[in-house]
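Chains, contacts and geometry: an overview
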Amino acid sequence: MAEPLIVALPSKGRLMEQAAGVLEKAGLAVERIGAARTYQGRLNGVDGVEVAFLSATEIAHMLREGTVHLGVTGEDLLDEHIADRDGAVDILHHMGFGHADVIVAVPQCWLDVATMADLDEVSVAFHARHGRRVRVATKYLNVTRRFFAEKGVRGYRIVESLGATEGAPAAGTAEVIVDITSTGATLKANHLKILDDGVILRSQAVLAANRAALADPRATEIARRVGEVLAAG
Ligand SMILES: Nc1ncnc2c1ncn2[C@@H]1O[C@H](COP(=O)(O)OP(=O)(O)OP(=O)(O)O)[C@@H](O)[C@H]1O
Ligand SMILES: O=P(O)(O)OC[C@H]1O[C@H](OP(=O)(O)OP(=O)(O)O)[C@H](O)[C@@H]1O
């Protein structure tokens, strides 16, 4: 028997439910194997397809490695975890949910900082005054480095954050943050403002494929059916 094609779906939360919803509309209902909380399933409608429920971050890594063939994850996570989007992974469809912007934000009280160029100036002054570099809290290490280089911002240091990133300035562990926002409520509650040219990426959930897997007709069939549902709105 041929090897199964593996489709990775987020294992929890909004992305999981909405991904399963689109697949169902495409006549590809997701069925869990065994109890509701197991991490394996089947996709009805196309033979020889297995579903693996994984974290959105893991899906990005495993698409690159080819350990899963198709997957739904965030575009932000592909940008972060696949170096220069090196050709190993193709985005097939933007799914129309999971919208979030990856942004650069600073304390609202930094009245003279509205742009990335202002941030560069202030970081030079900050270094001169405090003898250390401005700290940027984020889990998006690669995305941040690329964007700051593009904008010509020098003299900063990344502090890796694994959660509650917006709290870093108030906690005194960083001055600047790079994180996702959707409603803006968390930024507001933490007295942070987005820089005018500080939107790095407008992300949403995508259906992506390991490039080698695109030779498999089961993968192209799933992509075609999902595309039809998305086009129909
Ligand atoms: N309001 C939001 N908050 C968090 N993530 C969101 C939001 N809206 C959309 N997303 C997207 O969801 C994805 C993150 O999903 P999730 O938090 O399940 O992933 P993860 O970081 O891999 O999981 P875990 O938190 O278990 O490590 C990202 O692509 C992100 O852009
Ligand atoms: O702009 P807003 O609507 O306020 O949303 C942004 C917040 O939502 C996410 O946290 P969440 O707790 O949802 O997920 P996470 O902790 O898994 O990142 C994200 O990390 C932000 O903190």
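Keep in mind that what you see is a predicted model, and the values were worked out from it rather than measured.

1. Focus on the site of ligand 2
- Around ligand 2, the surrounding shell consists of Arg-14, Glu-166, Asp-179, Ile-180, Thr-181, Ser-182, Thr-183, Gly-184, Ala-185 and Thr-186.
- Separating an oxygen atom of ligand 2 from a side-chain N or O atom of Glu-166 is a distance of 2.8 Å.
- Take Gly-184: an N or O atom from its main chain is 2.8 Å from an oxygen atom of ligand 2.
- Notes on ligand 2: free accessible area 490 Å², of which the protein chains cover 57%.

2. Focus: the nonpolar core
- If you look at the biggest cluster of nonpolar residues, it comprises 38 residues, and the most contacted ones within it are Leu-78, Val-104, Met-116, Leu-119, Phe-148, Val-176 and Val-178.
- Two domains each provide a minimum of three residues to this core, namely domain 1 (5–98 + 205–232) and domain 2 (100–203).
- Ignoring sequence-local partners within four residues, the contact set of Val-176 consists of Val-104, Ala-105, Val-106, Trp-110, Leu-119, Val-134, Arg-135, Val-136 and Ala-137.
- Among the nonpolar cores identified, the runner-up in size contains 25 residues, and Leu-43, Leu-70, Ala-205 and Ala-219 belong to it.

3. Regarding the sheet that holds strand 10 (residues 176–181)
- Here five strands make up an open sheet; going across it, the order is 9-8-10-7-11 and the pairing mixed. The strands lining the two open edges of the sheet, one partner per strand, are strand 9 (156–160) and strand 11 (192–203). On average, each strand axis in the sheet is inclined to that of its neighbour by 25 degrees, with strand direction left out of account.
- Along the sheet, helix 5 (residues 141–150) makes contact with strand 7 (100–107), strand 8 (134–138), strand 9, strand 10 and strand 11, crossing strand 9 at roughly 165 degrees.

4. Quick word on the domain arrangement of the protein
- Per the domain assignment, the segments making up the protein are domain 1 (5–98 + 205–232) and domain 2 (100–203).
- Between domain 1 and domain 2, the C-alpha centre-to-centre distance is 31 Å.
- Across the boundary between the two partners, domain 1 contributes eight residues, which contact twelve residues of domain 2.
- For the pair domain 1 and domain 2, the summed buried surface comes to about 810 Å²; carbon and sulfur atoms form 41% of the total.
- Contact with domain 2 buries area across many residues of domain 1, yet Asp-76, Asp-79 and Glu-80 alone supply 64% of it, more than any other trio.
- Across the contact surface, domain 1 and domain 2 share zero salt bridges.
- No other element matches the five residues that helix 3 (residues 75–81) contributes to the side of domain 1 that touches domain 2.
- Among the residues making up the side of domain 1 that touches domain 2, the classes are represented as one nonpolar, two polar and five charged.

5. Remarks on the side chain of Glu-80
- Along the polypeptide, Glu-80 turns up in helix 3.
- There is no salt bridge for the buried Glu-80, and the closest opposite charge comes from Arg-146, which lies 5.7 Å off by N-O distance.
- Reaching out from Glu-80, the side chain makes a polar contact with the backbone nitrogen of Leu-141 at a distance of 3.0 Å.
- Aside from chain neighbours lying at most four places away, what touches Glu-80 is Lys-139, Tyr-140, Leu-141, Asn-142 and Val-143.

6. Focus: the packing of helix 1 (residues 13–25) against helix 8 (residues 217–232)
- Running from amino to carboxyl end, helix 1 crosses helix 8 at an angle of 100 degrees, the nearest separation of the two axes being 8 Å. Taken as axis vectors, helix 1 and helix 8 run roughly perpendicular relative to one another. Seen from helix 1, the contacting residues are Val-22, Leu-23 and Lys-25; seen from helix 8, they are Val-226, Val-229 and Leu-230.
- Class assignment for the residues of the contact of helix 1 with helix 8 results in five nonpolar, no polar and one charged.

7. Remarks on the packing of aromatic side chains
- On inspection of all chains with the given rule, the structure shows one aromatic pair.
- The interplanar angle of 55 degrees and the centroid separation of 4.7 Å between the aromatic rings of Phe-148 and Tyr-156 together place this pair among those described as tilted.
- Note on Tyr-156: relative accessible area 17%, which makes it buried.
- We note Arg-32 situated over the ring of Phe-53; from NZ or CZ to the ring centre the distance is 3.7 Å.

8. Some remarks on the site of ligand 1
- Near ligand 1 you find 15 residues, and of these Lys-12, Arg-14, Thr-57, Asp-76 and Ser-182 are the closest.
- Interatomic distance of 3.2 Å between a backbone N/O atom of Ala-56 and an oxygen atom of ligand 1.
- At 2.8 Å, a side-chain N or O of Thr-57 approaches an oxygen atom of ligand 1.
- Protein burial of ligand 1: of its 620 Å² of free accessible surface, 70% is covered by the chains.
- Its atoms largely coinciding with the cavity grid, ligand 1 occupies the largest pocket.
- Mapped by element, the contributors of at least two residues to the shell around ligand 1 are helix 1, helix 2 (56–65) and helix 3.
- A class-by-class count of the residues in the shell around ligand 1 yields five nonpolar, six polar and four charged.

Reading guide: rules and limits
Residues numbered from 1 in each chain as written. Chains lettered and ligands numbered in written order. Predicted model: local features only at pLDDT ≥ 70, side-chain atom pairs only at ≥ 80, totals over all residues. Heavy atoms only, no water. Near = heavy atom within 4 Å. Polar contact = N/O pair within 3.5 Å; in protein donor to acceptor, adjacent residues only side chain to side chain. Areas by Shrake-Rupley, 256 points an atom, 1.4 Å probe, with all protein chains shown as cover. Core = buried A, V, L, I, M, F, W, Y, C linked by side-chain atoms within 4.5 Å. Buried < 20%, exposed > 50% of the residue type's maximum accessible area, 1.4 Å probe, protein only. Domains from an automatic or database assignment. Contact = heavy atoms within 4.5 Å. Pairing = 2+ DSSP bridges. Helix = DSSP H or I, 4+ residues; strand = E, 2+ residues; numbered from the N terminus. Axes fitted to C-alpha atoms, helices over the stretch in contact; angles between N-to-C directions. Buried area = accessible area lost by both parts, 1.4 Å probe. Salt bridge = Lys/Arg side-chain N within 4 Å of Asp/Glu carboxyl O. Nonpolar A, V, L, I, M, F, W, Y, C, P; charged D, E, K, R; others polar. Lys, Arg positive; Asp, Glu negative; His and termini not counted. Parallel < 35°, antiparallel > 145°, perpendicular 65-115°, else oblique. Phe/Tyr/Trp six-rings, centres within 6.5 Å; stacked < 30°, edge-to-face > 60°. Lys NZ or Arg CZ within 6 Å of the ring centre and 35° of its normal. 1 Å grid on protein atoms, 1.4 Å probe; cavity = no way out; pocket = protein on both sides within 12 Å on 5 of 7 lines; lining within 4 Å. Sits in = over half its atoms within 2 Å of the grid points.

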